[in-house]
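# Examining the three-dimensional arrangement
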Amino acid sequence: MNTEIQEASDILKVIESANKLKGAEEPSGVLRGAQNAWDLLSDEQSQKHITTGSGDLNSILGGGIHCKEVTEIGGVPGVGKTQLGIQLAINVQIPVEYGGLGGKAVYIDTEGSFMVERVYQIAEGCISDIMEYFPYRHDKASSGREHLQPERFLADIYYFRVCSYTEQIAVINYLEKFLGEHKDVRIIIIDSVTFHFRQDFDDLALRTRVLSGLSLKLMKLSKTYNVALSLSWIWRYRCSNKLEVFVWLFFNDRLNTKDMQERRNIFVGDDRFCVLCNISASEDHDHLFWPCPFRRSCWSSIGIQLGSHSDLNTLISGVKDTASAGLFSEKLL
Amino acid sequence: MRPPAPKPPLATSTYNQQEPRPEKPLLLLASSRAAKLSLGCPLLDRFLSGGLPAASVTEIAGESAAGKTQLCLQLALLAPLSPLSSSSLFLYSDLPFPLRRLRLLAPKSRPDLLDHVLVAAVHSPSDLLSLLSRAQHHLAHPSRSPNRLPIRLILLDSIASLFRSDFDASPADLKRRSGLFFKISAKLKELAYRHQCVVVVTNQVVDVVEGNTGNTVAWSSGRQVSPALGLAWANCVNTRLFLTREVDGNGGSVKRHMKVVFAPHLPERTCEFVIRRTGVFGVEPAQRSNNSSEVKAHGYYLESDRTRKGGSNQHKQCTHTSI
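This structure is a prediction, so every number in the text was calculated from the model and none was measured.

Calculation rules
- Residues numbered from 1 in each chain as written.
- Chains lettered and ligands numbered in written order.
- Predicted model: local features only at pLDDT ≥ 70, side-chain atom pairs only at ≥ 80, totals over all residues.
- Heavy atoms only, no water.
- Axes fitted to C-alpha atoms, helices over the stretch in contact; angles between N-to-C directions.
- Helix = DSSP H or I, 4+ residues; strand = E, 2+ residues; numbered from the N terminus.
- Parallel < 35°, antiparallel > 145°, perpendicular 65-115°, else oblique.
- Left-handed = near helix turned anticlockwise from the far one by under 90°.
- Contact = heavy atoms within 4.5 Å.
- Phe/Tyr/Trp six-rings, centres within 6.5 Å; stacked < 30°, edge-to-face > 60°.
- Buried < 20%, exposed > 50% of the residue type's maximum accessible area, 1.4 Å probe, protein only.
- Salt bridge = Lys/Arg side-chain N within 4 Å of Asp/Glu carboxyl O.
- Core = buried A, V, L, I, M, F, W, Y, C linked by side-chain atoms within 4.5 Å.
- Pairing = 2+ DSSP bridges.

## Describing the packing of helix 5 (residues 125-140) of chain B against helix 7 (residues 171-194) of chain B
Residue and element names in this part refer to chain B.
- At a minimum axis separation of 11 Å, helix 5 and helix 7 run at an interaxial angle of 15°. Between helix 5 and helix 7, the interaxial angle falls into the category roughly parallel. For the pair helix 5 and helix 7, the sense of crossing is left-handed. Contacts between helix 5 and helix 7 involve P125, L128, L129, L132, S133, Q136 and L139 from the former and L180, K183, I184, K187, L188 and L191 from the latter.

Here it is as C-alpha cells:
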C-alpha cells in the first residue's frame, strides 16, 4: 500500500514538472490551455474583422467576417458569392496602418469562376477606397504608396484550382502544412465547397461523413495552426476513388462501424460484436484493423508484419518505414 | 450484418495527382487577358470585355431562332484566326448539323478554315461523357502535323436537347439528371482548366408557368421564359448569356438582344445584335437613339473607350461599394 502511494506521488511530480516545461505561461485553470469565458470575451473583442466592403453587411455580421470561424455564403447562381469571396481575399490584405489585417489569402477554386482580371479590378477599387478614406495618411507616409499596388494584392493570394473531390480533400489536408509554412494567411476561401460532391455520390451517408469530416478539419484549421498527422501522402498514389475515400475515412475514424453507428444513435441491435471473429470484442475502428484475428491473417497474407503497438499512428509509420513506402501504400490501398 | 459497402464512385480525374501547389494570380493575369476568344465584332467584344474567357464555361441560352447556333458557328470559324489559334470541337445534338450555313459563313478566300472545325454528333448524356474523355486524350496528345492546330475551343449545341428527351419528371429521374449535370460540367471545367480551352454550351428555354423559382427570367417573343434544365444546371456554368428576340407587331422586323445574366467578370448589361448573311454583329446603341446630343455622347464614348479600361471603371462602381 505504502509503495503504491509513493509511486503515485512520484508520477504526479513528473507530470507537474512536464507541464511546467510545456506551458508555464498559462495564467489560470486546472488544465493546460484552458481559458475562462472572460478571457474568451476580451479575446474576441480585441479581434479584428475582415471587412466585406459594405457597411450594412458589416453591421449584420458584427464588424465583418470573423477570424477563427467558418462562415458559409449561400445563394442562387449569379447572386454574387464569388464576387464577395474575391472581395474578401482582397480586403484581408488592407495594410494594418489603414485599419486592415495585412494578411494573405488562400483561394481554393472548384468551379473555375476566379477571373484574374476581375480580381485586378477589385484590387484597384479597394486601393482607391483606401485613398479616399485616408488622404492625410497617404500624404504623410509616401512609403505606404509602394504597398498599394494591385499587383501586390494579387501576389499575396495563393490560388488552388481543384478539378475533382479527391483533389479538394487533398488540398484541404495539405493546408495544415501550408499554413504552418505561411503564418500570415488570414483567410481561406473555398468557392464552392459542394460542387464536386454533387456528382458521383450515390451513397448520401458517405457524402455526409466526408463533408462533415472536411468541415471539422476546416474548423480546426481556423482555430489553430497546429500540425497533426499529415495525411497528404495517401492521395499521391493512383488507386480507385473508393479506396482513397475509405482510407481517408479510416484515418479520421469515420468508418461506418457498429460503434460509429451507435455513436450516431442508429439502432444496431443487441449484437455489437465483430462479425468476422468470434471473440467477444466490439466492432470498432481499432479492433477491425488490428487485433481482429481475421484481419491479422489478411495482413500476413500480403506480407506485412504488424508490430504490437497500441497507438495507430506509430504503428502505421513503423510499417511505412520498414516496407518500401510505395509498396506498402499499394498494398494498404 | 455489416452495412453494404458504399458503391465505388467513378474516377472523375484521370490525371496524375501530385501534391497540390498554389498558383500565383499575378502570373496568370497576363495570360488571362490575352486568352479571350473574339466574337468577330468589336462591339460584341467590347460588350464582353474582350470576348469569351478561356478556362471557364460559358452558356448561351435562348429560344429557337434567337441566334445560338449562328454564334457557335461563327466562333468555330474565328478560332483559327484569333490569338488562340486553335481548331474547334463542335459537338451537336440537334440533328442535322447546319453544314450549309457553316460553309456560307466561311469567307470565300479562306476555305481552309473549315478544316479546323471538328464535328461530332452526341446522342445521349453518356455518349457525351465518353466523347469528352476521348477529347481529353486528344487534347493531352496533340498531333504533330503542322497544319492541324490544337483544340482550344469546345462547343456543345445544345445541352438541353440531350436531357429533355429521355428523362421523366419523377424524383428518381430528376436526381439522376442533376447528378449527370454536375458530372458533365466538372468534366468540361476540367478540360477547360487543364488545356486553357474556351467552352461554350448552348441551352434552350422553358416558359415560366408559375412564380419566380430563383432562376433567370427574361421576356422573349412576348413570353416570360427562363433557361431550361433548372437551377441545378445554373450552378454548373460560370457565365450565362441570354439571347432574346422581339418581333415588331406589323413591320415584322426582329430585334435581338444579348444579355449578361451572370458572369464572374462582367456586370449585368444588355446589347442589341443582328444576324446578317455574313454573321452575327452588334448594333451600336447610338443608332437607335433619336436625341442628337446623346448620339454624340455615345460616339465620343466609343472613340475614347476602345480599351477595356473604360468598361472596367464602370464595372467597379457597380459592385465595389465603400469599405
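## Digging into unusual backbone geometry
All names here are of chain B.
- The peptide bond linking D157 to S158 adopts the cis configuration, its omega dihedral lying at -5°.
- Among the structural elements, S158 can be located in the loop between strand 6 (151-157) and helix 6 (159-165).
- Phi at A65 takes a positive value of approximately 70°, unusual for a residue other than glycine.
- By the secondary structure assignment, A65 is in the loop between strand 3 (56-62) and helix 3 (68-78).

## Concerning the packing of aromatic side chains
- Tallying each qualifying case throughout the model produces 12 aromatic pairs over all chains.
- Centre to centre, the rings of F195(A) and F182(B) are 5.7 Å apart; their planes meet at 65°, and the pair counts as edge-to-face. Here F182(B) lies in helix 7 and F195(A) lies in the loop between strand 5 (185-191) and helix 10 (204-223), a pairing that spans two chains. For the pair formed by F195(A) and F182(B), the shared burial category is buried.
- Seen in terms of ring centroids, F163(B) and F181(B) are 4.7 Å apart; in terms of plane orientation they differ by 70°. Their pairing is edge-to-face. With F163(B) in helix 6 and F181(B) in helix 7, this residue pair connects regions lying 18 residues apart in the sequence.

## So, the pattern of salt bridges
- Applying the stated criterion across every chain yields a total of nine salt bridges over all chains.
- D156(A) serves as the salt-bridge partner of K104(A), at 4.0 Å between the closest nitrogen and oxygen. Taken together, the residues span a long stretch of sequence, with K104(A) in strand 3 (residues 104-109) and D156(A) in the loop between helix 8 (150-155) and strand 4 (157-161) at a distance of 52 residues. The same class applies to K104(A) and to D156(A), which are both buried.
- A salt bridge links D173(B) to R176(B); its shortest N-O distance comes to 3.4 Å. With D173(B) and R176(B) both in helix 7, this residue pair falls three residues apart, about one helical turn.
- Three or more residues joined by partner-sharing salt bridges are found here, namely E167(A), E190(B) and R194(B).

## Considering the nonpolar core
Residues and elements named next belong to chain B.
- Within the largest apolar cluster, 44 residues are counted, with the highest numbers of intra-cluster contacts made by L91, L128, I159, F163, V199, V201 and W233.
- Tallying contributions element by element places helix 7 first for this core, with eight residues.
- Ignoring any residue separated from it by four or fewer positions in sequence, one finds V201 in contact with V57, T58, E59, I60, L156, I159, L188 and W233.
- Judged by nonpolar contacts, the second largest core, of 41 residues, contains A35, L48, L52 and V260.

## Let's talk about helix 3 of chain B
- Counting buried positions along helix 3 of chain B gives eight out of 11 residues, so the element sits mostly inside the fold.
- For helix 3 of chain B, the complete set of buried residues consists of K68(B), L71(B), C72(B), L73(B), Q74(B), L75(B), A76(B) and L77(B).

## A few points about the pairing of strand 11 (residues 239-247) of chain B
Residue and element names in this part refer to chain B.
- In terms of residue burial, strand 11 counts as a mostly covered element, since seven of its nine residues are buried.
- The sheet contact formed by strand 3 and strand 11 spans five bridges and is parallel. For G62, the partnering residue across the bridge sits in strand 11 and is L243.
- Where strand 11 lies against strand 12 (residues 254-262), eight bridges are found, and the strand directions are antiparallel. Residue pairing across strands places L243 opposite M258, the latter belonging to strand 12.

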